[in-house]
Amino acid sequence: QVQLVESGGGLVQPGGSLRLSCVASGRITDIRVMMWYRQAPGKPRELVAASTAQGITHYEDSMKGRVTVSRDNAKNTAFLQMNNLKPEDTGVYYCHFDVQSESRGGYNLYWGQGTQVTVSS
């Protein structure tokens, strides 16, 4: 079974930085897309950034210029570097991967458990 585990969240002051990581484990043969979502209190989950296996990246407008998504394919890991954080960036950050595994065949979507990011002075 494929599992995703995030780390790197925490409390940071406005203007600070955090680097989130998400590691996928299991009998993985390929990860087509690695995505990061955010869910702020009382709001729906929204896409923050995405990275494809071909190196294409996408960023949500409010975070462009402040976040960078990267990936280590050999380690099945995605990173989200967030700089100049603002209070409105507060929320639970989830990774969401499109994974091909030996156990299920084909590509399937998986979620991590989420990591809390709080931006506050």
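**Things to note about the environment of Pro-14**
Tracing the backbone through its elements, the reader meets Pro-14 in the loop between β2 (10–12) and β3 (18–25). If sequence neighbours within four positions are ignored, Pro-14 has contacts with Leu-85, Pro-87, Val-119, Ser-120 and Ser-121.

**Side note on the pattern of salt bridges**
Side-chain pairs of opposite charge can arise whenever the charged atoms involved come near each other. Across all of its chains, the model carries six salt bridges by this definition. For the salt bridge of Arg-32 with Asp-98, the shortest nitrogen-to-oxygen distance reads 2.8 Å. Here Arg-32, found in strand β4 (residues 28–39), pairs with Asp-98, found in strand β9 (residues 91–101); they are 66 residues apart in sequence, far enough to count as distant. With a shortest N-O distance of 3.2 Å, Arg-38 and Asp-89 are connected by a salt bridge.

**Points about the state of the cysteines**
Throughout the structure, instances matching the rule amount to one disulfide. Each sulfur in the disulfide pair Cys-22 and Cys-95 lies 2.0 Å from the other. Here the disulfide of Cys-22 and Cys-95 is right-handed, its torsion about the S-S bond being about 55°. Separated by 73 residues along the polypeptide, Cys-22 in strand β3 and Cys-95 in strand β9 bring together distant segments of the chain.

Rules used throughout
Residues numbered from 1 in each chain as written. Predicted model: local features only at pLDDT ≥ 70, side-chain atom pairs only at ≥ 80, totals over all residues. Heavy atoms only, no water. Helix = DSSP H or I, 4+ residues; strand = E, 2+ residues; numbered from the N terminus. Contact = heavy atoms within 4.5 Å. Salt bridge = Lys/Arg side-chain N within 4 Å of Asp/Glu carboxyl O. Disulfide = S-S within 2.5 Å.

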